[in-house]
Amino acid sequence: MEGKKRETFSGSITIFLATLGSAVGLGNIWKFPYLTGENGGGAFVLSYLFCVLLVGIPIMVGEFYIGRRSRKNAVGAFSKLNAPKFFKSIGYFGTLSAFIIMFFYSAVAGWVYSYVFKALTGKFNLLRSMPMEKAVKFTSDTFAFTASGNLYPMLWQAVVFIIVSIILMAGIKNGIEKVTKILMPLLFLLIIICDIRALTLPKAPEGLNFLFHVDISKLSKSVILTALGLAFFKLSLGMGTMITYGSYFTEEEKLINTSMRVALSDTLVSLLAGIAVFPVVFQFGMEPSGGAGLLFKTIPLVFSKMPFGNILLAAFFLLASIAATTAMISMVEVPVAFISEEYKINRKLSVLITTSIMFIIGVLTVHPNSIFGAVKILNRSFFDNFDFLSSNILLPLGGLLIAIFIGYFVLKENLKDELLKGYSSEKVNMVSAYRFIIRYVTPILLLVVFLNSIGII
Ligand code: PHE
């Protein structure tokens, strides 16, 4: 695209909202509650917070650096910055991760979209008059049909891809930016309404206790690895999303500030989602470790006996679909920017190629009733393997390489120059502290958790 000026976001607020739109997604609303449930509650939440602080934020700053300094996609960026060729693999692996995540993420997004439709068409009206036990069974059955029906889940997955493609084809300012600017504030509002409702349930204290009480004996290798993987997944790190978005930042944007604001706001949304889900789990005697269906089995019950319950229910799932959609846009943008810039293919065609491949492989593999749906590798379904491979292996590995690149291959002068843009005073100590963390703390922590998880140390 030489000659034609590369698009950027228009200013600080839109940068914040678009980046937050990438971070906030099904990771907060679907994954965070169910992983917290499976991994023992407060102890997991605490490990997660540490991972965000010591690994997530430093890597996000690093990705923004690479993106804005080069103003290129996740592969091209490394040539532009004269990095050793090897580092280009971050971009290639990132593109691969985008595909792998989208295979299953789009399926879950399809479930969420379908719940908006179900709520609007009164599918959950019956809940109002049902005794509790029957209501719990009804929501479980509804989820089972949504996730494992024959054509049903695939059709919704197709709807997801159509919407994502339309937004992406519109471009950066007209597509990504416009959509996130309207949708993100709406999302905050809706989640707070859900919280208020959940907090007024009699068993709310038990739910909160589960979420916030730290029982150190619950910590284990796998809990910590899961927390680390979630931090990457949540903050959209380790695969070039933030490199790509950073490449659309303005020159004045303060990279360290933005990373902290995004990470903190994202964490707040996860906690708010947990506050909406766990009181319900305890109120209705469900298992916190209920797995991937947790959200879908709890939320309809929250609203079932309330006035305007159906509208609130539709609103909640609408919120979740908004979050999922803005996150997917950023995921698909990684291969789209790569294909369109490196191979000089026009943007619309790049979107079409990318989403078609994602849809076809996704549909063939992740649904229990699809062609390869019953195939198990290492005793896990494709769905679970894609999830495990991306969060626990590819993203942390990408993150490690990014930390090494920033810490050991970027000149201190360049780092200082880029990170201090937008500040009126020379905050040299801030840059030195950052450089220390990204050289020593982040990569060592990553390495230890990683080697530990595959049993080497
Ligand atoms: N951060 C998104 C979420 O929490 C998922 C995501 C991962 C988006 C990687 C982009 C890249 O749902």
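Residues numbered from 1 in each chain as written. Predicted model: local features only at pLDDT ≥ 70, side-chain atom pairs only at ≥ 80, totals over all residues. Heavy atoms only, no water.

Digging into the overall build of the chain
Next up, step 1: Along the backbone of the chain there are 18 helices and 2 strands.
Next up, step 2: Taken along the three principal axes of its C-alpha coordinates, the chain extends 65 × 50 × 45 Å.
Next up, step 3: Looking at the chain residue by residue over its 457 residues, the buried ones come to 60%.
Next up, step 4: Contacts spanning at least 24 positions in sequence make up 81% of the contacts within the chain whose residues lie at least 6 apart.
Next up, step 5: In the chain, 39 side chains carry a positive charge and 24 a negative one; their mean positions are 3 Å apart. (Helix = DSSP H or I, 4+ residues; strand = E, 2+ residues; numbered from the N terminus. Buried < 20%, exposed > 50% of the residue type's maximum accessible area, 1.4 Å probe, protein only. Contact = heavy atoms within 4.5 Å. Lys, Arg positive; Asp, Glu negative; His and termini not counted. Charge placed at Lys NZ, Arg CZ, Asp CG, Glu CD.)

Structural notes on helix 16 (residues 382–409)
Next up, step 1: Taking the largest bend as the criterion, helix 16 deviates by roughly 35°, centred on serine 390.
Next up, step 2: A large share of helix 16 lies buried, amounting to 20 of its 28 residues. (Bend = angle between axes of the 7 residues up to and from the residue.)

Quick notes on the packing of aromatic side chains
Next up, step 1: Within this structure, the stated rule accounts for 32 aromatic pairs.
Next up, step 2: Ring geometry for phenylalanine 104 versus phenylalanine 383: centroids 5.6 Å apart, planes at 50°, classification tilted. Linking phenylalanine 104 in helix 5 (residues 88–120) with phenylalanine 383 in helix 16, this pair joins segments that are 279 residues apart in sequence. The same class applies to phenylalanine 104 as to phenylalanine 383, namely buried.
Next up, step 3: It is lysine 31 that lies over the ring of phenylalanine 233; its NZ or CZ is 4.2 Å from the centre. (Phe/Tyr/Trp six-rings, centres within 6.5 Å; stacked < 30°, edge-to-face > 60°. Lys NZ or Arg CZ within 6 Å of the ring centre and 35° of its normal.)

Focus on the nonpolar core
Next up, step 1: Ranked by internal contacts, the top residues of the largest apolar core, which has 157 residues, are Trp30, Phe296, Phe317 and Ile406.
Next up, step 2: Per-element accounting of this core gives the leading share, 19 residues, to helix 14 (residues 309–342).
Next up, step 3: Beyond its immediate chain neighbours, meaning those up to four positions away, tryptophan 30 contacts Phe104, Val108, Trp111, Ala292, Leu295, Phe296 and Phe383. (Core = buried A, V, L, I, M, F, W, Y, C linked by side-chain atoms within 4.5 Å.)

Some words on the site of the ligand
Next up, step 1: Among the 15 residues in the neighbourhood of the ligand, the closest are listed as Ala23, Gly27, Tyr105, Phe233 and Lys234.
Next up, step 2: For the ligand, an oxygen atom lies 2.4 Å from a polar atom in the side chain of tyrosine 105.
Next up, step 3: Residue serine 236 places a side-chain N or O atom 3.1 Å away from a nitrogen atom belonging to the ligand.
Next up, step 4: When isolated, the ligand has an accessible area of 320 Å², and the protein chains bury 100% of it.
Next up, step 5: Going through the elements one at a time, helix 1 (12–23), helix 2 (26–38), helix 10 (221–234) and helix 14 are the ones with two or more residues in the shell around the ligand.
Next up, step 6: When grouped by side-chain class, the residues that make up the shell around the ligand number 7 nonpolar, 7 polar and 1 charged. (Near = heavy atom within 4 Å. Polar contact = N/O pair within 3.5 Å; in protein donor to acceptor, adjacent residues only side chain to side chain. Areas by Shrake-Rupley, 256 points an atom, 1.4 Å probe, with all protein chains shown as cover. Nonpolar A, V, L, I, M, F, W, Y, C, P; charged D, E, K, R; others polar.)

What about the side chain of serine 265?
Next up, step 1: Mapped onto the secondary structure, serine 265 falls in helix 12 (residues 255–283).
Next up, step 2: Those residues in contact with serine 265 that sit more than four places away from it in its chain are Phe16, Leu20 and Phe188.

Some details on the pattern of salt bridges
Next up, step 1: Taken as a whole and assessed by the stated rule, the structure comprises 11 salt bridges.
Next up, step 2: A salt bridge links arginine 68 to glutamate 418; the shortest N-O distance between them is 2.6 Å. In this pair, arginine 68 sits in helix 3 (residues 42–70) while glutamate 418 sits in helix 17 (residues 412–419), placing the two residues 350 residues apart along the sequence.
Next up, step 3: By relative accessible area, arginine 68 is classed as buried at 1%. (Salt bridge = Lys/Arg side-chain N within 4 Å of Asp/Glu carboxyl O.)

So, the environment of aspartate 387
Next up, step 1: Note on placement: aspartate 387 falls in helix 16.
Next up, step 2: Along the backbone, aspartate 387 and phenylalanine 78 are 309 residues apart, and their C-alpha atoms lie at a distance of 27 Å.
Next up, step 3: In this structure, aspartate 387 is in contact with Lys31, Tyr34, Phe104 and Asn392, ignoring residues within four places of it in sequence.

Observations concerning helix 14
Next up, step 1: The terminal C-alpha atoms of helix 14, which comprises 34 residues, lie 50 Å apart, in line with the 50 Å expected from a rise of 1.5 Å per residue.
Next up, step 2: Where helix 14 bends most, the angle comes to about 30°, and this point is glutamate 333, followed within four residues by the proline proline 335.
Next up, step 3: Burial runs high along helix 14: 30 of the 34 residues are buried.
Next up, step 4: Within two residues after helix 14, lysine 344 carries a phi angle of roughly 50°, on the positive side. (Expected span 1.5 Å × (residues − 1).)

Let's talk about the environment of lysine 218
Next up, step 1: Inspection of the secondary structure puts lysine 218 in the loop between helix 9 (204–212) and helix 10.
Next up, step 2: Judged by its relative accessible area of 41%, lysine 218 falls in the partly exposed class.
Next up, step 3: Distance in space between the C-alpha atoms of lysine 218 and threonine 365 is 34 Å, their sequence separation being 147 residues.
Next up, step 4: With sequence-adjacent residues up to four places away left out, lysine 218 is seen in contact with Gly40, Ala43 and Val223.

Let's talk about the packing of helix 5 against helix 6 (residues 132–148)
Next up, step 1: Viewed as axis vectors pointing N to C, helix 5 and helix 6 meet at an angle of 125°, and their least axial separation amounts to 10 Å. The angle between helix 5 and helix 6 falls in the class oblique. For the pair helix 5 and helix 6, the crossing hand works out as right-handed. Here helix 5 contributes Trp111, Ser114, Tyr115 and Lys118 to the contact with helix 6, which in turn contributes Thr139, Thr142, Phe143, Thr146 and Ala147.
Next up, step 2: Classifying every residue of the contact of helix 5 with helix 6 by side-chain character gives 4 nonpolar, 4 polar and 1 charged. (Axes fitted to C-alpha atoms, helices over the stretch in contact; angles between N-to-C directions. Parallel < 35°, antiparallel > 145°, perpendicular 65-115°, else oblique. Left-handed = near helix turned anticlockwise from the far one by under 90°.)

A look at the packing of helix 5 against helix 7 (residues 152–169)
Helices that pack against each other are described as a pair by the angle of their axes relative to one another and the distance between those axes.
Next up, step 1: Orientation of helix 5 relative to helix 7, taken along the N-to-C sense of each, is 100°, at an axis distance of 8 Å. The orientation of helix 5 relative to helix 7 falls into the category roughly perpendicular. Contacts between helix 5 and helix 7 involve Met102, Phe103, Ser106, Ala107, Ala109, Gly110, Tyr113, Ser114, Phe117 and Lys118 from the first element and Tyr152, Trp156, Gln157, Val159, Val160, Phe161 and Ile163 from the second.
Next up, step 2: Of the residues contributing to the contact of helix 5 with helix 7, the split by class is 12 nonpolar, 4 polar and 1 charged.

Quick notes on the environment of glycine 110
Next up, step 1: Structurally, glycine 110 is set in helix 5.
Next up, step 2: On the basis of relative accessible area, glycine 110 is assigned to the buried category, the value being 2%.
Next up, step 3: Along the chain, glycine 110 and phenylalanine 161 lie 51 residues apart, while their C-alpha atoms are 9.2 Å from each other.
Next up, step 4: Not counting residues up to four positions away in its chain, the partners in contact with glycine 110 are Trp156, Gln157 and Val160.

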